[in-house]
Amino acid sequence: MQSALEKFPNITLEDERVILRPLTESDYENLLPFAVNEKGLWFYSLVRPEGEEGLSNYLYIALAEKAAGREFPFIVFDKKTNEYAGSTRFYDINFLYKTLQLGYTWYGKKFHGTGLNKHCKFLLLQFAFEALKFERVEFRADAKNERSIAAMKSIGCKVDGILRSNMPTMEGNVRRDSIVLSILREEWFDGVKEKLAAKL
C-alpha cells in the first residue's frame, strides 16, 4: 500500500513566516554555521550535529531514515530574517496506526523566542491531521528539558506520562527519563488549531 509520504516525496510547507522543505545532503552548508558556532544547542540530544563530522553524521542518519520511510526531515527557513534557522522532522511514522512523532527540532539561538517554532508546529500539525489524516501526534523530550517541555505545552500538547530510564544520554552511564506528550486529531479540531493559530 502506498503511503501518503510516498505520494508527497517533496513536501514543502509554507506560511507567511516560514518555509519547511525536505532536508537534503546539500543543506550541509546551510547548517554548518550552527554546527560550528552553537554546539550547546543539542545538550539533550543523542545525535548531535556538532562540528563538521557531527553534522555529516547527522545528515547521513536523517536521510537514511527518510529513505527507509521511517522519518521525514525538514530544514527550516525563516522568511522574516531570510536565513536558515534549524531543522525538525516527522519520525516513527506508522500509517497502519495513523500515528507519528514530531521532534528532532532545533533552532539557532537567535531564533529562540521569536515565534518561529509555533509557525513550524502549526504547519506540521496541520499536515499530519488534515493531509495525512493521522489520529495522534506524539512528542518526547528529556524530562529535565524545561524549555522544550514548555514549548510543547504552549502549542496544546497534553502530558501522557513519563517513561523512566528509557534512553541513554551522552553523559556516560547516566540514563534519562523521557516525558511523553501528545495531541489527538479530535483535539486539533476541537480547539488546539484555533488557539495555536491565534498565537501566530
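The preceding data block contains the structure.
Residues numbered from 1 in each chain as written. Predicted model: local features only at pLDDT ≥ 70, side-chain atom pairs only at ≥ 80, totals over all residues. Heavy atoms only, no water.

Caption draft 1: Inspection of the environment of Ala128 at higher detail. Assignment of secondary structure puts Ala128 in helix 4 (residues 116-131). Under the relative-accessibility criterion, Ala128 is labelled buried at 0%. Residues Ala128 and Ala150 lie 22 residues apart in sequence; the distance between their C-alpha atoms is 22 Å. Discounting residues that sit within four places of it in the chain, Ala128 has contacts with Phe90, Leu100, Lys133, Phe134 and Val137. (Helix = DSSP H or I, 4+ residues; strand = E, 2+ residues; numbered from the N terminus. Buried < 20%, exposed > 50% of the residue type's maximum accessible area, 1.4 Å probe, protein only. Contact = heavy atoms within 4.5 Å.)

Caption draft 2: Broad picture of the pattern of salt bridges. All told, the structure shown has 11 salt bridges when counted by the stated rule. Here Arg70 makes a salt bridge to Glu65, at a shortest N to O gap of 2.8 Å. Linking Glu83 and Lys110 is a salt bridge whose minimum nitrogen-to-oxygen distance equals 2.8 Å. Taken together, the residues span a long stretch of sequence, with Glu83 in strand 4 (residues 83-94) and Lys110 in the loop between strand 5 (99-107) and helix 4 at a distance of 27 residues. The class for Glu83 is partly exposed, based on a relative accessible area of 30%. Among the residues examined, Lys110 registers a relative accessible area of 51% and is labelled exposed. (Salt bridge = Lys/Arg side-chain N within 4 Å of Asp/Glu carboxyl O.)

Caption draft 3: Focus on the pairing of strand 7 (residues 158-168). Looking at chain direction, strand 7 and strand 8 (residues 175-184) are connected through 7 bridges and run antiparallel. Within strand 8, the position partnered with Gly161 by the bridge is Val180. Here strand 7 folds back onto strand 8 in antiparallel fashion, the turn holding 6 residues, of which Gly172 has a positive phi close to 65°. (Pairing = 2+ DSSP bridges.)

Caption draft 4: Layout of helix 2 (residues 28-37). Of all the positions in helix 2, only Tyr28, Leu31, Leu32, Phe34 and Ala35 are classed as buried. Tucked into the core, helix 2 has its buried residues touching helix 3 (51-67), strand 3 (71-78), strand 4 and strand 5.

Caption draft 5: Representation of the packing of helix 4 against helix 6 (residues 185-198) in the model. Relative orientation of the contacting elements helix 4 and helix 6 amounts to 155°, with a least axis distance of 11 Å. It follows from the interaxial angle that helix 4 and helix 6 lie roughly antiparallel. In this structure, helix 4 crosses over helix 6, and the sense of that crossing is left-handed. Counted together, Lys118, Lys121, Phe122, Leu125, Gln126, Phe129 and Glu130 of helix 4 and Arg185, Trp188, Phe189, Lys193, Leu196 and Ala197 of helix 6 form the full contact between these two elements. (Axes fitted to C-alpha atoms, helices over the stretch in contact; angles between N-to-C directions. Parallel < 35°, antiparallel > 145°, perpendicular 65-115°, else oblique. Left-handed = near helix turned anticlockwise from the far one by under 90°.)

Caption draft 6: Representation of the packing of aromatic side chains within the structure. One pass over the full model with this rule turns up 9 aromatic pairs. Arranged with centres 5.1 Å apart and planes meeting at 50°, the rings of Phe72 and Phe74 form a pair that is tilted. The exposure class of Phe74 is buried, given its relative accessible area of 0%. Taken together, the ring pairs in this structure connect Phe72, Phe74, Phe90 and Phe127 into an aromatic cluster. Positioned above the aromatic ring of Tyr58, the side-chain terminus of Arg89 is 5.3 Å from the ring centre. Cation over ring: Arg89 sits above Tyr104, and NZ or CZ is 3.9 Å from the ring centre. (Phe/Tyr/Trp six-rings, centres within 6.5 Å; stacked < 30°, edge-to-face > 60°. Lys NZ or Arg CZ within 6 Å of the ring centre and 35° of its normal.)

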